[in-house]
Amino acid sequence: MHTDKVFKALADPTRRLLLDMLCENNGQTLGQLCQRLDMTRQSATQHLGILEDANLVSSQRRGREKHHFINPVPLYEVYERWIRKFEHQRLSLLHDLKTELEGKKE
Amino acid sequence: MTREKTSFVYVTYIASTPEKVFDAITNPKIARQYWGHENVSDWTPGSKWSHIRDNDARTVQIVGEVVETTPPNRLVITWAGASEADNPDSYSRVIFEIDPHENGVRLSVSHIELEAGSGMAEGVSEGWPLVLSSLKTYLETGNGFDMSGCSKAA
C-alpha cells in the first residue's frame, strides 16, 4: 500500500528532479527550490506534498521557514523488495550456467 | 573560518511500539541483529556512548556523549569518528524522535551539524537509510538485512 505511493511519487519527472535537487543540496526551502524550477510555488508545494506523503521527503520547521530533506529510506525498501531479489535470481542463473559449462569441459 | 555545515533528516514508519524502537537503538543485543553494530552506554545524560562493530575485533567506530534521554520518545547524542574523538570540531549531533503514528511508530533521525562534504557526512548519508530500513524490517518481520558486508560506521 505504501509502496504504491512511492512508485506514484516517482512516476513524475518534476518530482524526480526535486529529489535530485535535494540530493545535491539537502534542506532547501520552497523558495530555494522554486528559484531553479520553472514553476509556481503552488504547484511546487503540491509536488512536495506528494513526495512527503510517500515519505520520500521529510521536512522541518525552523522559525518561519520549512526545510525539505530527501528521505531515501523507502527507496531501500523498494530496493530490498524489487531489485535485490531479482539480482539474486540473475546471479544464481549465472552461477548455474558457470557450473554447467565448466562441468561439460571435463 | 567557519566550515559549512549540513544536516540530514530521515523518517521511517514502523509497525511496532515506541518502547521496542527505543530498545532496538539502545540495547546492544538487539542493535547487533539489524545494525551489525552495538550502541553501548548507560544512556544517562553526560555519559559517553560508543558505536561498536559486532565482530571479533569489536572495533569502536563512533564515540560521543549522551545529551538527552527521554525513553521511549527521544534520544539526543553527539557523534564523532573514534579517531577524531579529541577534536571538539569533529562532533555532530543525532536526534532520535519516536512518536506514535496511527497503529505504529514514526521514527525520525536528524543528523545535524555535520561538516559539509566530509567523509562522515557522506558515510552517514549512505548509512542511515540502510540502517533504518533494516530496523523496520527487523521489527516487523524478525529479520534484519545482512549488514556483514557493510563496513561503514552507520
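Criteria and thresholds
- Residues numbered from 1 in each chain as written.
- Chains lettered and ligands numbered in written order.
- Predicted model: local features only at pLDDT ≥ 70, side-chain atom pairs only at ≥ 80, totals over all residues.
- Heavy atoms only, no water.
- Core = buried A, V, L, I, M, F, W, Y, C linked by side-chain atoms within 4.5 Å.
- Buried < 20%, exposed > 50% of the residue type's maximum accessible area, 1.4 Å probe, protein only.
- Helix = DSSP H or I, 4+ residues; strand = E, 2+ residues; numbered from the N terminus.
- Domains from an automatic or database assignment.
- Contact = heavy atoms within 4.5 Å.
- Buried area = accessible area lost by both parts, 1.4 Å probe.
- Pairing = 2+ DSSP bridges.

Across soluble globular proteins, nonpolar side chains show a tendency to be buried alongside one another. Y34, F96, L107 and W128 of chain B are the most contacted members of the largest nonpolar core, which totals 33 residues. For this core, the element with the most residues is helix 3 (residues 119-141) of chain B, which contributes 7 residues. In this structure, V6, L19, V57 and I70 of chain A belong to the second largest nonpolar core, which totals 18 residues.

Before going further, it helps to spend a moment on the domain arrangement of chain A. Residue and element names in this part refer to chain A. Looking at the assigned domains, one finds that chain A contains domain 1 (1-71) and domain 2 (72-106). A straight line from the C-alpha centre of domain 1 to that of domain 2 covers 33 Å. Facing the 9 residues of domain 1 at the interface are 6 residues of domain 2. Between domain 1 and domain 2 the total buried area reaches about 580 Å² when both faces are included, carbon and sulfur atoms providing 81% of it. Looking only at domain 1, the three residues that lose the most surface to domain 2 are V6, F7 and N71, adding up to 55% of its buried area.

For the rest of this paragraph, the subject is the pairing of strand 3 (residues 48-53) of chain B. Residue and element names in this part refer to chain B. Across 4 bridges, the pairing between strand 2 (residues 37-40) and strand 3 is antiparallel. Counted as the bridge partner of H37 is R53 from strand 3. Pairing of strand 3 with strand 4 (residues 60-70), which is carried by 5 bridges, proceeds in the antiparallel orientation. What sits directly across from K48, in strand 4, is E65. The antiparallel hairpin formed by strand 3 and strand 4 contains 6 residues in its connecting segment, where R58 sits at a positive phi of about 50°.

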